[in-house]
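Working through the structure, step by step
So the chains spell out like this:
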Amino acid sequence: MRSKPSGRVIGAGLAGVTVAAAAAVAVAMSPTASATVDVITISSATPTVGGDYTLHASLSGASVGLLIYWSDNGASLTPVGKVPWPPGEASLDWSPSTPGQHIITASQGSSTQTLVVNVGTGSGGTTTTTPPTTTPPTTTPPTTTPSTTTPGGSGSGSSSGSAKGLLGGLLGSS
């Protein structure tokens, strides 16, 4: 005799539908995942054109692992997004190419923060360097005053052993 498996198939099908329905209810009732960009900072208080800087965002919320998107004055710096690493932190190397005000934006999920950065024209840009002017050195002949010595110096007036005696001997007087 042959048994009919139809009862078992129907039972398995009903169990599968029940599990799927329970999963759908759990997803529908779960709180929405949230990500928050708390604050954005930059590695320098005085950035200049052509300098290399690090933009940093602190993240919080249940979805801190979502991709983060960076932009500068609306132009995307990360078109495909960037994975935050370590979790709760996101960094990006940035080198401004123009002076002036830059509005840096970090977005993750529905959360966005901005940072206004004023970029100077400092050492990173194209600059023209004027060589220092040099003037040739001037030489002034030294002015020396010959020292004067008095023969005999201060003594008893005796000519023996003194320069006066030696000089007198050479000149023929004593």
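Here the structure is shown first, and the text comes after it.
Attention now goes to the overall build of the chain. Per the secondary structure count, the chain includes two helices and seven strands. Across the chain, helices and strands are ordered from the amino to the carboxyl terminus as α-β-β-β-β-β-β-β-α. Taking all 174 residues of the chain together, 22% fall into the buried category. When the accessible surface of the chain is totalled, it reaches about 12,700 Å², and 61% of it is carbon and sulfur.

So, on to the sheet that holds strand β3 (residues 69-72). Strand order in the open sheet made by the four strands is β4-β3-β6-β7, with antiparallel pairing throughout. Single-partner strands in this sheet number two, and they are β4 (75-76) and β7 (111-119). As defined by bridge partners, β3 adjoins strand β6 (residues 100-108) across four bridges and the pair is classed as antiparallel. Note on β6: the bridge partner recorded for Ser71 is Thr105.

Sheet architecture is open: three strands sit in the order β1-β2-β5, paired in antiparallel fashion. Single-partner strands in this sheet number two, and they are β1 (36-42) and β5 (89-94). Across the sheet, the mean angle from the axis of one strand to that of its neighbour is 20°, orientation sign disregarded. By the bridge criterion, six bridges tie strand β2 (residues 53-60) to β5 in an arrangement that is antiparallel. Looking across to β5, one finds that Thr54 is bridged to Asp93.

Before going further, it helps to spend a moment on the environment of Thr46. Inspection of the secondary structure assignment puts Thr46 in the loop between β1 and β2. Judged by its relative accessible area of 61%, Thr46 falls in the exposed class. Here the alpha-carbon distance between Thr46 and Asn118, two residues 72 residues apart in the chain, equals 7.6 Å.

In terms of nonpolar packing, the biggest core is built from 17 residues, with Ala57, Leu59, Ile68, Trp70, Ile104 and Ala106 touching the most fellow members. Secondary structure elements with two or more residues in this core: β1, β2, β5, β6 and β7. Those residues in contact with Ile104 that sit more than four places away from it in its chain are Ile40, Leu55, Trp70, Ser71, Asp72, Trp94, Gln113, Thr114, Leu115 and Val117.

This next bit is on unusual backbone geometry. Looking along the chain, the bond that leaves Trp85 and enters Pro86 is cis, with omega of -5°. As for its placement among the helices and strands, Pro86 is situated in the loop between β4 and β5. Unlike most non-glycine residues, Asn73 shows phi in positive territory, near 50°. Here Asn73 lies in the loop between β3 and β4. A residue is classified by how much of its surface remains accessible, and Asn73, at 45% relative accessible area, is partly exposed.

This part takes up a nonpolar patch on the surface. A cluster of nonpolar residues, Leu67, Tyr69 and Val83, forms a patch on the protein surface that exposes about 270 Å² of accessible area. Position of Tyr69 among the secondary structure elements: in strand β3.

We now examine the environment of Pro47. Within the secondary structure, Pro47 sits in the loop between β1 and β2. As a C-alpha pair, Pro47 and Pro96 span 49 residues in sequence and 8.1 Å in three-dimensional space. With residues up to four places along the chain from it excluded, the contact list for Pro47 reads Ile42, Tyr53, Val117, Asn118, Val119 and Gly120.

Moving on, we get to the side chain of Thr105. Positionally, Thr105 belongs in strand β6. Excluding residues that lie within four positions of it along the chain, Thr105 makes contacts with Ile40, Tyr69, Trp70, Ser71, Thr112, Gln113 and Thr114.

Thresholds, definitions, all that
Residues numbered from 1 in each chain as written. Predicted model: local features only at pLDDT ≥ 70, side-chain atom pairs only at ≥ 80, totals over all residues. Heavy atoms only, no water. Helix = DSSP H or I, 4+ residues; strand = E, 2+ residues; numbered from the N terminus. Buried < 20%, exposed > 50% of the residue type's maximum accessible area, 1.4 Å probe, protein only. Areas by Shrake-Rupley, 256 points an atom, 1.4 Å probe, with all protein chains shown as cover. Pairing = 2+ DSSP bridges. Axes fitted to C-alpha atoms, helices over the stretch in contact; angles between N-to-C directions. Core = buried A, V, L, I, M, F, W, Y, C linked by side-chain atoms within 4.5 Å. Contact = heavy atoms within 4.5 Å. Patch = residues over 30% accessible without salt bridge, like charges linked within 9 Å, V, L, I, M, F, W, Y side chains within 5 Å. Salt bridge = Lys/Arg side-chain N within 4 Å of Asp/Glu carboxyl O.

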